[in-house]
Amino acid sequence: QVKNNGKNHVAFYDAALSRDAVEHFQLETELRQALNKNQLNMFYQAQIDLKTGMIIGAEALIRWMHPTQGIISPAKFIPLAEETGLILSIGEWALAQSVRQAHAWHQQHPEFKKIAINVSAVQIMKSKFADTVYGILMESECDPSIIELEITESTLMQHTQHVVDTFNQLKLLGISIAIDDFGTGYSSLSHLKRLPLDQIKIDRSFVKDLPNDKDDAAITSAIYAMATQLGFTVVAEGVETEEQEKFLQRLGCQTAQGYLYAYPVNADDFVKLLTLNNQRKIKRHA
Ligand code: C2E
Ligand code: MG
Ligand code: MG
Ligand code: MG
């Protein structure tokens, strides 16, 4: 479309840039109001016990129901929320919402025993995060042992005393900690030893081409073996096929998550799925 070089080209380029900037600014303004306007919503993706096929928990995944743009993915607005500091209020809301929901499900369905909640590095670095979690636990009366916080490797890289202290405080509250997207970041293996972690989530990029890709099979097996020997449980992310499932079952992996079992859905749909799936599995195992 840009025919000529020189000044016109530059002007065109500037216009495109400022259009981006305007869009960015507009999205930020809208995100600022999204919480109060009830546009944020938690979706839940089932986590499956690979031995029984039962749904034993869920990962909470945030969605922005934008009035004109439809559902906006967290991959798009969480980075914006982190840049602007909005992640502190949004993250706290997501945490409280997910904990309250999980408490109710756990009471009605005892086999539902885990809610995994994503936490941004900014929340850990810029707030008294353990105090926030403590407050939510008190208010919801939720059993802390059903709560698992997912932290990405980049959070571990900022391996400051503050991160270590916060993790230790969280452990004292009785909740567990998982490393998300394991194998994609640059965390040193020594972090696995020093930090009080409970679970490793094998990133979807390693699961995607299982079982045929030899490298991915080797990496997945190695992560599983190391995690198990260090005493961590393992969740495989992004399981989409039965071949992938079989590979993971043979490995001994306990838990899986992915489109093969369920997409992330809203709370009403999740409880339907939980009830239906687990009734069916209980019958099969009876
Ligand atoms: P994540 O924590 O690694 O979450 C897994 C992502 O993979 C989710 O994307 C999920 O919908 C998607 N997924 C699950 N199964 C499959 C599968 O079989 N195939 C494929 N292709 N994808 C699958 P989603 O919901 O778009 O979330 C993207 C990321 O946004 C999350 O990655 C997480 O890092 C972040 N995020 C989501 N909710 C929150 C939140 O409440 N707080 C924070 N801080 N971050 C969040
Ligand atoms: Mg996650
Ligand atoms: Mg992940
Ligand atoms: Mg991810």
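About the criteria used
Residues numbered from 1 in each chain as written. Chains lettered and ligands numbered in written order. Predicted model: local features only at pLDDT ≥ 70, side-chain atom pairs only at ≥ 80, totals over all residues. Heavy atoms only, no water. Donors = N, O, S within 2.8 Å, 3.2 Å for Na, K, Ca; no water. Buried < 20%, exposed > 50% of the residue type's maximum accessible area, 1.4 Å probe, protein only. Near = heavy atom within 4 Å. Polar contact = N/O pair within 3.5 Å; in protein donor to acceptor, adjacent residues only side chain to side chain. Areas by Shrake-Rupley, 256 points an atom, 1.4 Å probe, with all protein chains shown as cover. Helix = DSSP H or I, 4+ residues; strand = E, 2+ residues; numbered from the N terminus. Nonpolar A, V, L, I, M, F, W, Y, C, P; charged D, E, K, R; others polar. Salt bridge = Lys/Arg side-chain N within 4 Å of Asp/Glu carboxyl O. Core = buried A, V, L, I, M, F, W, Y, C linked by side-chain atoms within 4.5 Å. Contact = heavy atoms within 4.5 Å. Axes fitted to C-alpha atoms, helices over the stretch in contact; angles between N-to-C directions. Parallel < 35°, antiparallel > 145°, perpendicular 65-115°, else oblique. Left-handed = near helix turned anticlockwise from the far one by under 90°. Pairing = 2+ DSSP bridges. Phe/Tyr/Trp six-rings, centres within 6.5 Å; stacked < 30°, edge-to-face > 60°.

Turning to the coordination of the magnesium ion (ligand 3), a few remarks are in order. Distances from the magnesium ion (ligand 3) to its protein donors, Asp180 (OD), Asp181 (OD), Glu237 (OE) and Glu237 (OE), fall at 2.0 to 2.7 Å. In the primary structure, the donors to the magnesium ion (ligand 3) are separated according to the pattern D-D-x55-E. A separation of 3.9 Å is found between the magnesium ion (ligand 3) and the magnesium ion (ligand 2), which share Asp180 as a coordinating residue.

Moving on: the coordination of the magnesium ion (ligand 2). In the first shell of the magnesium ion (ligand 2), the protein supplies Glu59 (OE), Asn118 (OD1), Glu150 (OE) and Asp180 (OD), at 2.0 to 2.2 Å from the metal. Counting along the primary sequence, the residues that act as donors to the magnesium ion (ligand 2) give the motif E-x58-N-x31-E-x29-D. On the accessibility criterion, Asn118 (32% relative accessible area) is partly exposed.

Around ligand 1, the structure places 22 residues, and the nearest of them are Arg63, Asp180, Arg204, Glu240 and Tyr259. A distance of 2.8 Å is found between an oxygen atom of ligand 1 and a side-chain nitrogen or oxygen belonging to Asp180. Separating an oxygen atom of ligand 1 from a side-chain N or O atom of Asp181 is a distance of 3.0 Å. When ligand 1 is considered free in solution it has 810 Å² of accessible area, and contact with the protein chains removes 83% of it. Elements with a minimum of two residues in the shell around ligand 1: β2 (55-66), α2 (74-84) and β6 (176-182). Ranked by the residues each element gives to the shell around ligand 1, the list is headed by β2, at 4 residues. Taken together, the residues that form the shell around ligand 1 break down as 8 nonpolar, 6 polar and 8 charged.

A few words on the pattern of salt bridges. In the structure shown here, the tally under the stated rule is 9 salt bridges. The residue Lys201 makes a salt bridge to Glu59 at a minimum N-O spacing of 2.9 Å. Remark: Glu59 occurs in strand β2 and Lys201 occurs in strand β7 (residues 199-202); sequence separation between them is 142 residues. This pair shows no difference in class: Lys201 is buried, exactly as Glu59 is.

This next bit is on the environment of Gly85. If you trace the backbone, Gly85 turns up in the loop between α2 and α3 (87-108). Along the chain, Gly85 and Gln123 lie 38 residues apart, while their C-alpha atoms are 9.0 Å from each other.

By size, the foremost hydrophobic cluster in this structure holds 76 residues, and its most contacted members are Leu31, Tyr44, Ile147, Leu149, Phe167 and Phe270. The greatest single-element share of this core, amounting to 8 residues, is contributed by α3. Not counting chain neighbours up to four residues away, the residues in contact with Leu149 comprise Leu95, Ile117, Val119, Phe129, Val133, Leu170, Ile175, Ser176, Ile177 and Ala178.

With that settled, consider the packing of helix α5 (residues 129-140) against helix α7 (residues 161-173). Between α5 and α7, the shortest axis-to-axis distance is 9 Å and the interhelical angle comes to 20°. Judged by the angle between their axes, α5 and α7 are roughly parallel. The crossing of α5 and α7 is right-handed. Counted together, Phe129, Ala130, Val133, Tyr134 and Leu137 of α5 and Thr166, Gln169, Leu170 and Leu173 of α7 form the full contact between these two elements. Across the contact of α5 with α7, the residue classes break down as 7 nonpolar, 2 polar and no charged.

Here the focus is the pairing of strand β8 (residues 233-236). Two strands pair when backbone bridges link them, and β7 and β8 are joined in this way by 4 bridges, in the parallel orientation. Opposite Ile200, over in β8, you have Val234 as the bridge partner. As paired elements, β8 and strand β9 (residues 255-256) share 2 bridges and run parallel to each other. Following the sheet pairing, Ala236 is matched in β9 by Ala256.

Counting across every chain of the model gives 7 aromatic pairs. Ring centres 4.9 Å apart and planes at 80° place the aromatic pair Tyr44 and Trp105 in the edge-to-face group. Taken together, the residues Tyr44 in strand β1 (residues 40-49) and Trp105 in helix α3 connect sequence positions 61 residues apart. Like Trp105, Tyr44 is buried. Ring centres of Trp105 and Phe270 lie 4.7 Å apart, and the angle between their planes is 40°; this geometry places the pair in the tilted category. Of the two residues, Trp105 sits in helix α3 while Phe270 sits in helix α12 (residues 267-285), which places them 165 residues apart along the sequence. Note on accessibility: Trp105 and Phe270 belong to one class, buried. Grouping aromatic residues by their ring pairs yields a cluster made of Tyr44, Trp105, Phe112 and Phe270.

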